[in-house]
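Each chain is listed here by its residues.
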Amino acid sequence: MKRRTAVLGLVALAAAGTLVALRFFRPALPPAPTQARLEALRAERDALQARFRGDVVSLREKSLANAPRGGLMIGLPTSLTASIVEQVVTGLFGETTLTLKNLKVHKEGAVRARMLIAKRVIGEYVLDVHIHQVQGLLRPGKPVLTFGPGRVDVTLPVRLAEGKGTADLRFKWDSKGAAANVVCGDADVTRAVTGGVVPEDYELKGSFLIRASADSITLTPRFPDLAVRILVDPSDQAWGVVDGVVKEQRAGCEIALNKVDIKEKLGAILGRGFNVKIPQKILKPVQMPAGVSQSLDVQGIQLALDVKPSGLLVANDRLWYGADLAVHSGHAARPPAAGSRSAGAAR
């Protein structure tokens, strides 16, 4: 036992001697770098950064050099954003049918003709068109997108491609004077007619404003209301009805009714068209996921992640989103209750 104690004492003494030697005989620290050395190191750092930017550009990531710096950087290709915007815009207008109902147009006037030595009113007419329903089909073209600071500008061609409608045409004729009453008399005729829609091209222009939040990139639409004018084109059947209305009257009345020129007046009142407004509120904000989970469970400890956006860059090739991350420890995670299944357990 005495021998073992002596050995342990020698070992302890040797260790203490080693510590003393390390403390008093360790090599001296190198001298602090001079100002010239610090400048050289900074120049080397800048050169490496420039080389890195050059390598990035050569890999076609031209916008990365100007991307917002942060602990987290996400680059979304503009091709992806363009595809999403195209589908959102064209999807809303794809094969959209505009429907107008219960439209009424009215036209009235007097007809003069020479009677003996002077012109006199030989009759008055009333032309009413009651359009029960008219429909027009909208077809969007391929949108043109332009990426700018904090926004995507959109130009969307829209064509009012085709349409149809049904209406009642009422023509009322009231002869004036004894002679006119004998020759023509009065008429009050109502007929059902059909028509089509005159094709027309329109252009919708607006923008999506791009904003970054903690867990997404939001595209907010800014578009004016789209004003569409539907022009009704009477069908051959409608013109045939007009001719029939005239031919159904007395033989002497045809001259007077030809002065009315029902076709010309019908075409004029329908040619003014009917306005339809498509409100911009049908376009809703688009959210694109770009973030991280807000919490993390590490060995039973809940860690909360605070994500603070550091900036957003809209470039021609990518949307760059930068954010700084901070971790805060929370309470210990509760163990699962007995008999409960974990989130990934098979059912």
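Worth saying up front: this structure is predicted, and the values here are computed from it rather than measured.

S.K.: Whenever I open this one, the packing of helix 5 (residues 236-247) against helix 7 (residues 262-271) confuses me. Can you help?
M.R.: Relative orientation and spacing of two packed helices are given, respectively, by the angle between their axes and the distance between those axes. One can describe the packing of helix 5 onto helix 7 by two numbers: an axis separation of 10 Å at closest approach and a directional angle of 140 degrees. Judged by the angle between their axes, helix 5 and helix 7 are oblique. The two elements helix 5 and helix 7 cross, and the hand of that crossing is right-handed. For the pair helix 5 and helix 7, the contacting residues are Trp239, Val242, Asp243 and Val246 in the first and Ile262, Lys263, Leu266 and Gly267 in the second. For the contact of helix 5 with helix 7, a count of residues per class yields five nonpolar, one polar and two charged.

S.K.: How should the nonpolar core be read in this particular structure?
M.R.: Across soluble globular proteins, you tend to see nonpolar side chains buried next to one another. Core analysis: the largest hydrophobic core is formed by 68 residues, its most contacted members being Val129, Ile131, Phe171, Trp173, Phe208 and Ile230. If you tally residues by element for this core, the top one is strand 5 (residues 151-175), at nine residues. With sequence-adjacent residues up to four places away left out, phenylalanine 171 is seen in contact with Tyr125, Val126, Leu127, Ala187, Asp188, Val189, Val245, Leu257, Val260 and Ile262.

S.K.: Even after reading the chapter, I still don't get the pairing of strand 5, so can you show me in this structure?
M.R.: Each regular strand shows side chains that alternate between the opposite faces of the sheet. Where strand 4 (residues 144-148) meets strand 5, five bridges bridge the pair, whose relative direction is antiparallel. Its bridge partner being in strand 5, leucine 145 is matched across the sheet by valine 154. Hairpin remark: strand 4 followed by strand 5, antiparallel, with two residues in the connecting loop; positive phi at glycine 150, about 70 degrees. Alignment of strand 5 against strand 6 (residues 187-197), held across 10 bridges, turns out to be antiparallel.

S.K.: Help me out: how do you make sense of the pairing of strand 6 in this one?
M.R.: Pairing between strand 6 and strand 10 (residues 232-234): three bridges, direction antiparallel. Along strand 10, the bridge assignment pairs valine 197 with valine 232.

S.K.: Would you explain the side chain of threonine 218 in this entry?
M.R.: Within the secondary structure layout, threonine 218 lies in strand 8 (residues 216-222). Since its relative accessible area comes to 16%, threonine 218 is described here as buried. Setting aside anything within four residues of it in sequence, one finds threonine 218 in contact with Leu209, Ile210, Arg211, Pro285, Val286 and Gln287.

S.K.: Before we go on, may I ask you to explain unusual backbone geometry in this structure?
M.R.: In terms of backbone geometry, most residues other than glycine have negative phi values and most peptide bonds are trans. Backbone geometry places asparagine 102, a non-glycine residue, at a positive phi of 55 degrees. By the element assignment, asparagine 102 lies in strand 2 (residues 96-115).

S.K.: How should I be thinking about the packing of aromatic side chains in this particular structure?
M.R.: By convention here, two paired aromatic rings are described through the distance between centres and the angle between planes. Applying the stated criterion to the full structure yields one aromatic pair. Judged by centre distance (5.5 Å) and plane angle (70 degrees), the ring pair of phenylalanine 208 and phenylalanine 223 falls under edge-to-face. Note that phenylalanine 208 is positioned in strand 7 (residues 200-212) and phenylalanine 223 in the loop between strand 8 and strand 9 (226-230), a separation of 15 residues in sequence. For the pair phenylalanine 208 and phenylalanine 223, a shared accessibility class is recorded, and that class is buried.

S.K.: In this structure, what is going on with the environment of threonine 97? I would like to understand it.
M.R.: Structurally, threonine 97 can be placed in strand 2. The sequence separation of threonine 97 and glycine 136 amounts to 39 residues, and the corresponding C-alpha distance is 5.6 Å. Once residues lying within four places of it in the same chain are set aside, the contact partners of threonine 97 are Gln135, Gly136 and Leu137.

Thresholds applied
- Residues numbered from 1 in each chain as written.
- Predicted model: local features only at pLDDT ≥ 70, side-chain atom pairs only at ≥ 80, totals over all residues.
- Heavy atoms only, no water.
- Axes fitted to C-alpha atoms, helices over the stretch in contact; angles between N-to-C directions.
- Helix = DSSP H or I, 4+ residues; strand = E, 2+ residues; numbered from the N terminus.
- Parallel < 35°, antiparallel > 145°, perpendicular 65-115°, else oblique.
- Left-handed = near helix turned anticlockwise from the far one by under 90°.
- Contact = heavy atoms within 4.5 Å.
- Nonpolar A, V, L, I, M, F, W, Y, C, P; charged D, E, K, R; others polar.
- Core = buried A, V, L, I, M, F, W, Y, C linked by side-chain atoms within 4.5 Å.
- Buried < 20%, exposed > 50% of the residue type's maximum accessible area, 1.4 Å probe, protein only.
- Pairing = 2+ DSSP bridges.
- Phe/Tyr/Trp six-rings, centres within 6.5 Å; stacked < 30°, edge-to-face > 60°.

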